[in-house]
Amino acid sequence: MDQNIVIVGDWGGSRLRLWLRQGKSVIHRRDGPGVTALTDSPEKTFLDLVGDWREARPAYAILCGMVGSRMGWIEAPYAPCPATAAEVAARTVALEAEGLPVRIVPGLSGVNPLGGPDVMRGEETQVFGALSLDAGLRSGRHLLVLPGTHNKWVVVEDGRIAAFLTAPIGETFALLKAHSTLSAGGGSLAEGSASGFALGLARIAEHGAQRLTHLMFETRARQLVDAMSPADAMGFLSGLLIGADVAAARDWFGAMPAATVIGDGALATLYVQALAAAGVTASVVDGDAAVLAGLSTIARHQEASS
C-alpha cells in the first residue's frame, strides 16, 4: 500500500462524494448515491465506485457523514459537543472492505441553544476543514453556517466546536415546493427569482421571524391576488425561510458582525445575501475544499495518536 495515496469521502443522506488523493493533490473524483438512495449495500456501492482506484494501492479510506449513522455502513457513535478535531478523530470507527482499511468519522451530539438535543454528521468535518483553511477562525469566537437540507449554525471557540443548532430549511422548502398549495400553478417546477427572494427577505425584516408561518401564506395569496409569477413565488418562499433562519440564529447566538458560510453554488450565495440584509458580513469557504481539508485534519490526528 502507498501511504501517500488515500480515498476520502463525504457520504451524506442525499449524495456521495469520493476523491482519490495523492498527498495534497486530487487525482480523481466520483459521485454516487446518498445513504437514503442506496439500492445495494453501502460496502458494495463503495467498492463498485472505487474499483479501479484500488490499483493505485491506497493506504486506507476515510469517510464522514451519514455513512456512520444507523442507516449507513456501520454506526459510529456521536462524539459529545463541545469537541476538537482530535477528540472526534479519537472516536473514529474502523472496518475493512475486501482488505482496504476504512475509517468512519463520527458526528457530534449535544444540547442546542434552545435546550433540546441536536446532532450532526459530516458538517463537523467541514467545520474543522474551514479552520484548517482559514487561520483566522482558529482563535476567538466565530459563527459558521452550513446551508443544506438540514441547515447547521455552529459556534467555534478557539478551534473547538462549542455549540450548534439545526434548522431543516432545505427540507422544508423542498416539501412545500413539491407538496403544498403554496406552489400551485407551476411553482413546483419553477426556479426561484432574485426579485422574489429579495421581497421575502424584506417581509421577514419588516415583521420578524416569529411571523414566518403567517407570511408563508402570502406565497399563495400573492399569486391569486397580485398575479405573482411562479418563479417570484418560489423565490419569495425561499427568502422567507432563509431570512427567518438568519434572523432567529442571530437571536439565539447573539449579534455577530461577521459569519462564515461553508458551501457552494446558489444556496451559499443566498445565505450571504440574507446575512448581508441582516447586517452580517459573510465570507465563503468552498464546501468540497472544507471536506477535503477536514478529513485530512482528522486523519493527521489519528496518525499522530497511533
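Refer to the structure above for everything that follows.
Residues numbered from 1 in each chain as written. Predicted model: local features only at pLDDT ≥ 70, side-chain atom pairs only at ≥ 80, totals over all residues. Heavy atoms only, no water.

S.K.: Report on the sheet that holds strand β11 (residues 151-157), specifying residues and quantitative values.
M.R.: The strand order β12-β11-β10-β13-β14 describes an open sheet built from 5 strands, whose pairing is mixed. Where the open sheet ends on each side, the last strands, each with one partner, are β12 (160-167) and β14 (281-286). If you compare each strand with its neighbour and ignore which way they point, the axes differ by 25° on average. By the bridge criterion, 6 bridges tie strand β13 (residues 258-263) to β14 in an arrangement that is parallel. In the strand pairing of β14, T260 is matched with S283. The sheet contacts of helix α3 (residues 123-133) involve β10 (141-146), β11, β12, β13 and β14, and relative to β10 the element is tilted by about 130°. Packing against the sheet, helix α9 (residues 265-277) makes contact with β10, β11, β13 and β14, and its axis sits at approximately 170° to β13. (Pairing = 2+ DSSP bridges. Helix = DSSP H or I, 4+ residues; strand = E, 2+ residues; numbered from the N terminus. Axes fitted to C-alpha atoms, helices over the stretch in contact; angles between N-to-C directions. Contact = heavy atoms within 4.5 Å.)

S.K.: Outline the sheet that holds strand β4 (residues 61-64), supporting the account with residue identities and numerical values.
M.R.: Two pairing modes exist for strands in a sheet, parallel and antiparallel, and in both the strands are linked by backbone hydrogen bonds. Sheet architecture is open: 6 strands sit in the order β3-β2-β1-β4-β7-β6, paired in mixed fashion. Each end of this open sheet is capped by a strand with a single partner; those strands are β3 (25-33) and β6 (93-97). This sheet shows a mean twist of 20° between the axes of neighbouring strands, independent of strand direction. In the sheet, strand β2 (residues 15-22) pairs with β3 via 8 bridges, with the strands oriented antiparallel. Paired with Q22 across the bridge in β3 is S25.

S.K.: How would you summarise unusual backbone geometry if you had to cite specific residues and measurements?
M.R.: Residue P82 follows C81 across a cis peptide bond; omega there is 10°. Topologically, P82 is positioned in the loop between β5 (79-80) and α2 (85-89). Although it is not a glycine, E98 sits at a positive phi angle of roughly 50°. Summarising the element assignment, E98 is placed in the loop between β6 and β7 (100-104). Judged by its relative accessible area of 62%, E98 falls in the exposed class. (Buried < 20%, exposed > 50% of the residue type's maximum accessible area, 1.4 Å probe, protein only.)

S.K.: An account of the pattern of salt bridges is needed here, citing residue identities and associated values.
M.R.: Using the criterion set out here, one finds 13 salt bridges in the structure. Notably, a salt bridge pairs D40 with K44, separated by 4.0 Å at the nearest N-O pair. Under the relative-accessibility criterion, D40 is labelled partly exposed at 38%. The network of salt bridges with shared partners includes D10, R17, R29, D31 and D288. (Salt bridge = Lys/Arg side-chain N within 4 Å of Asp/Glu carboxyl O.)

S.K.: Explain the packing of aromatic side chains to me, and be specific about the residues and the numbers.
M.R.: The full count for this structure, using the stated rule, is 3 aromatic pairs. Taken together, a centroid distance of 5.4 Å and an interplanar angle of 50° make the contact between F46 and W73 tilted. Of the two residues, F46 is situated in helix α1 (residues 42-49) and W73 in the loop between β4 and β5; the sequence distance between them amounts to 27 residues. The residues F46 and W73 share a single accessibility class, namely buried. Linked through ring pairs, W11, F46 and W73 together constitute an aromatic cluster. R103 extends its terminal NZ or CZ atom over the ring of Y60, reaching a point 3.7 Å from the ring centre. Its guanidinium or amino end placed over the ring of Y78, R121 lies 4.1 Å from that ring's centre, counting from NZ or CZ. (Phe/Tyr/Trp six-rings, centres within 6.5 Å; stacked < 30°, edge-to-face > 60°. Lys NZ or Arg CZ within 6 Å of the ring centre and 35° of its normal.)

S.K.: Before we move on, can you summarise the nonpolar core with the specific residues and values?
M.R.: Note that soluble globular proteins tend to have their nonpolar side chains buried in a common cluster. Formed by 36 residues in total, the largest nonpolar core has its most connected members in W153, M216, Y271 and L275. It is helix α8 (residues 230-253) that contributes the most residues to this core, 11 residues altogether. Once you skip the residues sitting within four places of it in the chain, M216 turns out to touch L176, L182, L237, L240 and L241. W19, A85, L131 and I262 belong to the second-largest nonpolar core, a separate cluster that totals 35 residues. (Core = buried A, V, L, I, M, F, W, Y, C linked by side-chain atoms within 4.5 Å.)

S.K.: Describe the side chain of E124, naming the residues involved and giving the relevant values.
M.R.: Counting through the fold element by element, E124 comes out in helix α3. Aside from chain neighbours lying at most four places away, what touches E124 is C64, V105, P106, G107, L108 and I161.

S.K.: Residues and numbers for the packing of α8 against α9, please.
M.R.: Relative to each other, α8 and α9 sit at 60°, their axes nearing to 9 Å. Here α8 lies oblique to α9, going by the angle between them. In this structure, α8 meets α9 at a crossing whose hand is right-handed. Mapping the contact onto sequence places S238, I242, D245 and V246 in α8 and L267, L270, Y271, A274 and L275 in α9. For the contact of α8 with α9, the class distribution of residues is 7 nonpolar, 1 polar and 1 charged. (Parallel < 35°, antiparallel > 145°, perpendicular 65-115°, else oblique. Left-handed = near helix turned anticlockwise from the far one by under 90°. Nonpolar A, V, L, I, M, F, W, Y, C, P; charged D, E, K, R; others polar.)

S.K.: Break down the packing of helix α5 (residues 194-207) against α8 for me, citing the residues and quoting the values.
M.R.: Between α5 and α8, whose axes approach to 6 Å, the crossing angle comes to 40°. Compared by their axis directions, α5 and α8 come out oblique. The interaxial crossing formed by α5 with α8 has right-handed handedness. For the pair α5 and α8, contact is made by S195, G196, F197, L199, G200, L201, R203 and I204 and by D232, G235, F236, S238, G239, L240, I242, G243, A244 and A247, respectively.

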